[in-house]
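# Structural characterization, general
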Amino acid sequence: MNGIHRVLWALLVTVGLAGGLAACANTSSTPSVGVGPDGKVQNPVQLLGQLPLPPGAGIRADQSLIIGAGDNWVGRVVLDVGRDLDAAYRFFLETYPSQGWTVVSAVRGKNSFMVMTRQERTATFEMVDGGMLGSSVSLTMAPRNAAVMVPKKP
């Protein structure tokens, strides 16, 4: 496995395990953060801390899994970024490095990917061009040095 595959595998394992634990621990049927009638989170700063989002971006609560809050959250956030995916791509590429994030990899296309690290965290962005329906960004946040478990063949 190359480095990117290891990082992605670690993210999947970490989010999967944490998601299972969160599902067991959360017995409340009401969300702890306000969700508007459009299905978007009302106050993203409460969940994501100081992590900047593109202007006008909204969190799709029904497609996101956020464990923790503030600057130490892990999981996946799905953002509705409107029709201008190029502006969102530029926003992440320009804003995050100025806040201490290091770009590890960036691929631009109809489906774009970006991986960044800062201290002990890894952020993976998957950006999908939805055309007239609007575009979305899946932001996965995980610990940088998560234990990698390699699956074994039966």
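Fair warning: this is a prediction, and the values are worked out from it, not measured in the lab.

Another point: the packing of aromatic side chains. Applying the stated rule across the entire model yields five aromatic pairs. Between F91 and F92, the aromatic rings sit 5.7 Å apart at their centres with planes inclined by 80 degrees, giving edge-to-face as the arrangement. A relative accessible area of 0% places F92 in the buried class. Judged by centre distance (4.6 Å) and plane angle (40 degrees), the ring pair of F92 and F125 falls under tilted. In this pair, F92 is assigned in helix α3 (residues 85-98) and F125 in strand β6 (residues 121-128), connecting sequence segments 33 residues apart. Both residues of the pair, F92 and F125, count as buried. Grouped by ring-pair contacts, the aromatic residues F91, F92, Y96, W101 and F125 constitute a single cluster. The ring of Y89 has R108 sitting right over it, with the charged end atom 4.8 Å from the ring centre.

So, about the pairing of β6. In terms of burial, β6 is largely enclosed, as six of its eight residues are buried. In the sheet, strand β5 (residues 111-118) pairs with β6 via eight bridges, with the strands oriented antiparallel. Within the sheet, the bridge partner assigned to F113 lies in β6 and is E126. Between the antiparallel neighbours β5 and β6 lie two residues, among them Q119 with a positive phi of about 50 degrees.

Moving on to the pattern of salt bridges. This structure, assessed with the given rule, holds two salt bridges. Between D80 and R60 there is a salt bridge; the shortest N-O distance is 4.0 Å. Here R60 lies in the loop between β1 (58-59) and β2 (65-67) and D80 lies in strand β3 (residues 74-82), a separation of 20 residues in the sequence. Residue classification places D80 among the buried positions, given a relative accessible area of 18%. The exposure class assigned to R60 is partly exposed, which follows from its relative accessible area of 22%. One salt bridge in this structure joins R108 and D86, with 2.0 Å as the shortest N-O distance. Of this pair, R108 sits in the loop between β4 (102-107) and β5 while D86 sits in helix α3, and the two are 22 residues apart along the sequence. On the basis of relative accessibility, which here comes to 40%, the residue D86 falls in the partly exposed class.

Definitions and cut-offs
- Residues numbered from 1 in each chain as written.
- Predicted model: local features only at pLDDT ≥ 70, side-chain atom pairs only at ≥ 80, totals over all residues.
- Heavy atoms only, no water.
- Phe/Tyr/Trp six-rings, centres within 6.5 Å; stacked < 30°, edge-to-face > 60°.
- Buried < 20%, exposed > 50% of the residue type's maximum accessible area, 1.4 Å probe, protein only.
- Helix = DSSP H or I, 4+ residues; strand = E, 2+ residues; numbered from the N terminus.
- Lys NZ or Arg CZ within 6 Å of the ring centre and 35° of its normal.
- Pairing = 2+ DSSP bridges.
- Salt bridge = Lys/Arg side-chain N within 4 Å of Asp/Glu carboxyl O.

All we've got here are geometric facts, nothing functional implied.
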